[in-house]
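# Topology and contacts: notes
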Amino acid sequence: VAVTKDFQGSPHTDSSDTTFQYLVSLGSFSEGGQLCMESEIASEIMVIDTHNKMVRADGRFAHWVRGHGGGDRFSLAYFCTNPACSMQQTMAHYSDFRPAREISSCIAGASGRV
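Residues numbered from 1 in each chain as written. Predicted model: local features only at pLDDT ≥ 70, side-chain atom pairs only at ≥ 80, totals over all residues. Heavy atoms only, no water.

### Overview of the nonpolar core
L23, L35, M37, I48, V55, A57, F61, A77 and A92 form the largest nonpolar core, which has nine residues in total. For this core, the elements supplying multiple residues, two or more each, are β4 (35-38) and β6 (55-57). If we skip the residues at most four places from it in the chain, F61 touches H12, T13, M37, E38, S39, E40, Q89, T90, M91 and A92. (Core = buried A, V, L, I, M, F, W, Y, C linked by side-chain atoms within 4.5 Å. Buried < 20%, exposed > 50% of the residue type's maximum accessible area, 1.4 Å probe, protein only. Helix = DSSP H or I, 4+ residues; strand = E, 2+ residues; numbered from the N terminus. Contact = heavy atoms within 4.5 Å.)

Have a look at this one:
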């Protein structure tokens, strides 16, 4: 897990990743801060809003974070570098990904409260 505050990244790839990532940005920022990624066709750039939204993307494709304004920006990136979890690199952004709605009930069941 990577946790950052006010990160603005230049184009790069996460070469140690072995599969896709789950990403979200949080905070009071009101402008910018989007994740930009090269699509499967390198000449196409996707601009992905991660503000208060969990997304699934593959950091092995070139990507960066736009500058932001209007407050703090925190980001969480859940990634895997374990070769046992390796998946073929096929899609830069999984636009049909939706987090499970049951997650809060799972947390409540595990701890007895939400």
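### Topic: the packing of aromatic side chains
The geometry of an aromatic ring pair is captured by the separation of the ring centres together with the interplanar angle, meaning the angle of the planes. All told, the structure shown has three aromatic pairs when counted by the stated rule. Ring geometry for F20 against Y22: centres 5.5 Å apart, planes inclined by 85°, an arrangement best described as edge-to-face. The exposure class of Y22 is partly exposed, given its relative accessible area of 27%. Residues F20 and Y94 carry aromatic rings whose centres are separated by 5.6 Å and whose planes lie at 65° to one another, so their mutual orientation is edge-to-face. You can see F20 sitting in the loop between β1 (2-5) and β2 (21-26) and its partner Y94 sitting in the loop between β9 (74-78) and α1 (103-111), a full 74 residues away along the chain. This pair shows no difference in class: F20 is buried, exactly as Y94 is. Taken together, the aromatic side chains of F20, Y22, Y94 and F97 make up a single cluster linked through ring pairs. Above the plane of the ring of F20 lies R56, whose end atom (NZ or CZ) is 3.6 Å from the centre. (Phe/Tyr/Trp six-rings, centres within 6.5 Å; stacked < 30°, edge-to-face > 60°. Lys NZ or Arg CZ within 6 Å of the ring centre and 35° of its normal.)

### Side note on the layout of surface pockets
Looking at the largest pocket, its volume works out to about 360 Å³. Taken together, 22 residues line the largest pocket, and the ones lying closest to its centre are F7, Q21, L23, H63 and A77. Breaking the lining of the largest pocket down by element, the ones donating at least two residues are β1, β2, β4, β7 (63-65) and β9. In terms of residue class, the lining of the largest pocket is made up of 11 nonpolar, seven polar and four charged. (1 Å grid on protein atoms, 1.4 Å probe; cavity = no way out; pocket = protein on both sides within 12 Å on 5 of 7 lines; lining within 4 Å. Points joined across faces, edges and corners; volume = space filled by probe spheres on them. Nonpolar A, V, L, I, M, F, W, Y, C, P; charged D, E, K, R; others polar.)

### Points about the environment of S15
You can see S15 is positioned in the loop between β1 and β2. Overall, the relative accessible area of 67% leaves S15 in the exposed class. Here the alpha-carbon distance between S15 and G59, two residues 44 residues apart in the chain, equals 7.9 Å.

### Some points on the environment of R98
With respect to the helices and strands, R98 occurs in the loop between β9 and α1. The class for R98 is exposed, based on a relative accessible area of 62%. A polar contact is formed between the side chain of R98 and the backbone oxygen of S95, at a distance of 3.1 Å. (Polar contact = N/O pair within 3.5 Å; in protein donor to acceptor, adjacent residues only side chain to side chain.)

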